[in-house]
Amino acid sequence: MSEHKTRICILGGGFGGLYTALRLSQLPWESLPKPEIVLVDQSDRFVFSPLLYELLTGELQTWEIAPPFEELLTDTGVRFYQAAVSGIDTQQRRVYLQDGPEIGYDHLVLALGGETPLDIVPGATCYAYPFRTVTDVYRLEERLRVLEESDTDKIRVAIVGGGYSGVELACKLADRLGSRGRFRLIELTDQILRTSPEFNREAARKALEERGIFIDLETRVEAIAQDTISLEYKGQVDNIPVDLVIWTVGIRVSPVVRNLPLKQNQRGQITTTPTLQVLDHPEIFALGDLAECRDAEGQLVPATAQAAFQQADYAAWNIWANLTHRPQIPFRYQYLGEMMALGTDNATLTGLGIKLEGSLAYVARRLAYLYRMPTLDHKLKVGFNWLARPIIETLSQ
Ligand SMILES: Cc1cc2nc3c(=O)[nH]c(=O)nc-3n(C[C@H](O)[C@H](O)[C@H](O)COP(=O)(O)OP(=O)(O)OC[C@H]3O[C@@H](n4cnc5c(N)ncnc54)[C@H](O)[C@@H]3O)c2cc1C
Ligand SMILES: NC(=O)c1ccc[n+]([C@@H]2O[C@H](COP(=O)([O-])OP(=O)(O)OC[C@H]3O[C@@H](n4cnc5c(N)ncnc54)[C@H](OP(=O)(O)O)[C@@H]3O)[C@@H](O)[C@H]2O)c1
Ligand SMILES: C/C(=C\Cc1cc(O)c2ccccc2c1O)CCC[C@H](C)CCC[C@H](C)CCCC(C)C
């Protein structure tokens, strides 16, 4: 008689999914056969999004911040499928893939993250550049290169959203374009970085000012066309000429998630228990940006990499606990602080009672992120490269 091997299927290989898979592969399964762990992602590589800006400035290379899953999962026993998830049957416990096999599961982990919605303003889908994936970075890089090689005197860039992504991108791009860049940062509310600690917000304001970045507060984007952006401020609409519009605003869960017969909030996020299980489906875990979770203390868990990274440990542990008949542990979110890149030699950091800005914060942020990268092997490769690169560059001058 062939024995059914328990299968854990993880959908999405980002901060929630990949780290759950890696943690699961390290847990002790001695008392029972190791389950089959399957990870599905539409991309062939994991993206360490906090360091995505550094691709645009050439500070980092793609392999460092977006290593292929096959490489990260070597010797872990986790099986990787590159395919887009097109549907999930939660009754039959089956996952459907575009151009791929159907996968049955015993435990399912939903970690598909979110998408940047562009269709909320006319013209944005056609003319604005989102900033979330490596493909987004390559498209933006191509546009920047065309503009840099053109004979236009000033390159006019509008960045929509005065949140973290908008501010970080503005500073990095301002450093890349130097005196040729003309930047506006467009924010709907009356301040940038509304949720940041005052220290980081002040450091960001200073960095934006030093780079001559103009901030439009209380300003709504009405429409985007090929070479203009229409901005509404205090009831008046202005059409401003631009060469490039970058859209960093909003997050939306994908239609695959929206279509699931699982309890969701107004934004389509799946409601979970503090143990990260989906209501009425103890075999399904949901984490990261697609989940609405209140932790053991009742605090709402934010949609950040910091939170997804912490949830992954609990999701893995609770699946293991389920299979080994141990009690579940409720998730406790620990806000450790936040870090922001504010240019190619500058950053700000507030966390664990420490406040740092300038080049010291720049180095500390890099080291803190190196420590958060997946797998020891990858950390060593990247760390070694960070040490070796400046030496090689100096010697080859
Ligand atoms: C530019 C940028 C910078 C950021 N910086 C920070 C930061 O400094 N600190 C911080 O805490 N947070 C940061 N964030 C937020 C952070 O990236 C997210 O909160 C975090 O990635 C959420 O993790 P997740 O696992 O839910 O989703 P993700 O990490 O987005 O992973 C989702 C995965 O699912 C895959 N996927 C999606 N749909 C499908 C499908 N249909 N089929 C198959 N695969 C699919 C995707 O390819 C992706 O690999 C940043 C975000 C951006 C965009
Ligand atoms: N360094 C970091 O820690 C870091 C970096 C990047 C991302 N993240 C995390 O990733 C998530 C997404 O961050 P994000 O910066 O990409 O997005 P975000 O936090 O949603 O910021 C977008 C900003 O744009 C504003 N806005 C919304 N609609 C607008 C419109 N139509 N026109 C102009 N402005 C508009 C938002 O105002 P409202 O707030 O009022 O909606 C907000 O201030 C967050 O959870 C964040 O914590 C963290
Ligand atoms: C603020 C810190 C962590 C929170 C955090 C933020 C993120 O954006 C993440 C993204 C993805 C995964 C996880 C996280 C995340 O946990 C870090 C706090 C760091 C400390 C304040 C100390 C840092 C010490 C340095 C590593 C060494 C300093 C060396 C010197 C100053 C050069």
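Every value quoted in this text rests on a predicted model; they were computed, and no experiment measured them.

**Student:** Give me the lowdown on the side chain of Ser 230, citing residues and values where you can.
**Tutor:** Here Ser 230 lies in strand 13 (residues 228–233). On the accessibility criterion, Ser 230 (12% relative accessible area) is buried. A polar contact of 2.6 Å, which involves the side chain of Ser 230, links it to the side chain of Asn 239. Residues in contact with Ser 230, not counting those within four places in the same chain, are Arg 220, Val 221, Glu 222, Ala 223, Val 237, Asp 238 and Asn 239.

**Student:** Describe in detail the nonpolar core, supporting the description with residues and values.
**Tutor:** Within the largest apolar cluster, 80 residues are counted, with the highest numbers of intra-cluster contacts made by Ile 8, Leu 18, Leu 24, Phe 48, Phe 131, Val 167 and Ile 246. No other element matches the nine residues that helix 10 (residues 305–323) contributes to this core. Contact partners of Phe 131, with chain neighbours within four places excluded, come to Leu 52, Tyr 53, Leu 56, Asp 136, Val 137, Leu 140, Leu 169, Ile 246 and Trp 247. Of all hydrophobic cores here, the second largest spans 24 residues; its members include Leu 260, Val 278, Leu 290 and Ala 291.

**Student:** I'd like to hear about the pattern of salt bridges, residue by residue, with values.
**Tutor:** Tallied over the entire structure, the rule returns 23 salt bridges. We note a salt bridge from Glu 36 to Arg 7, for which the minimum N-O separation is 3.2 Å. Remark: Arg 7 occurs in strand 1 (residues 7–11) and Glu 36 occurs in strand 2 (residues 36–41); sequence separation between them is 29 residues. For Glu 36, a relative accessible area of 17% corresponds to the buried category. On the accessibility criterion, Arg 7 (23% relative accessible area) is partly exposed. Across the pair Arg 176 and Glu 148 runs a salt bridge, and its minimum N-O distance is 2.7 Å.

Scoring rules and cut-offs
- Residue indices follow the written sequence of each chain, beginning from 1 at its first position.
- A letter from A marks each chain and a number from 1 marks each ligand, given out in the order of writing.
- pLDDT decides what is reported in this predicted model: residues at 70 or higher carry local features, side-chain atom pairs at 80 or more are listed and counted, and totals for whole chains, interfaces and linings draw on all residues regardless.
- In computing side-chain properties, one takes all heavy atoms of the structure into account and sets aside hydrogens as well as water.
- Strands here mean DSSP runs of E at least two residues long; helices mean DSSP runs of H or I at least four residues long; both are numbered from the N terminus.
- Burial classes follow relative accessibility: with a 1.4 Å probe on protein chains only, a residue under 20% of its type's maximum area counts as buried, one over 50% as exposed, and anything between as partly exposed.
- Whenever a nitrogen or oxygen atom comes within 3.5 Å of another N or O atom, the pair is scored as a polar contact, on the condition that within protein one atom can donate a hydrogen and the other can accept it, and that pairs from neighbouring residues in sequence are kept only if both atoms are in side chains.
- Working rule for contacts: check all heavy atoms of both residues, and any pair within 4.5 Å makes them a contact.
- Residues grouped as a nonpolar core are buried Ala, Val, Leu, Ile, Met, Phe, Trp, Tyr and Cys residues, joined through side-chain atoms within 4.5 Å.
- When a carboxyl oxygen of Asp or Glu is within 4 Å of a side-chain nitrogen of Lys or Arg, the pair counts as a salt bridge.

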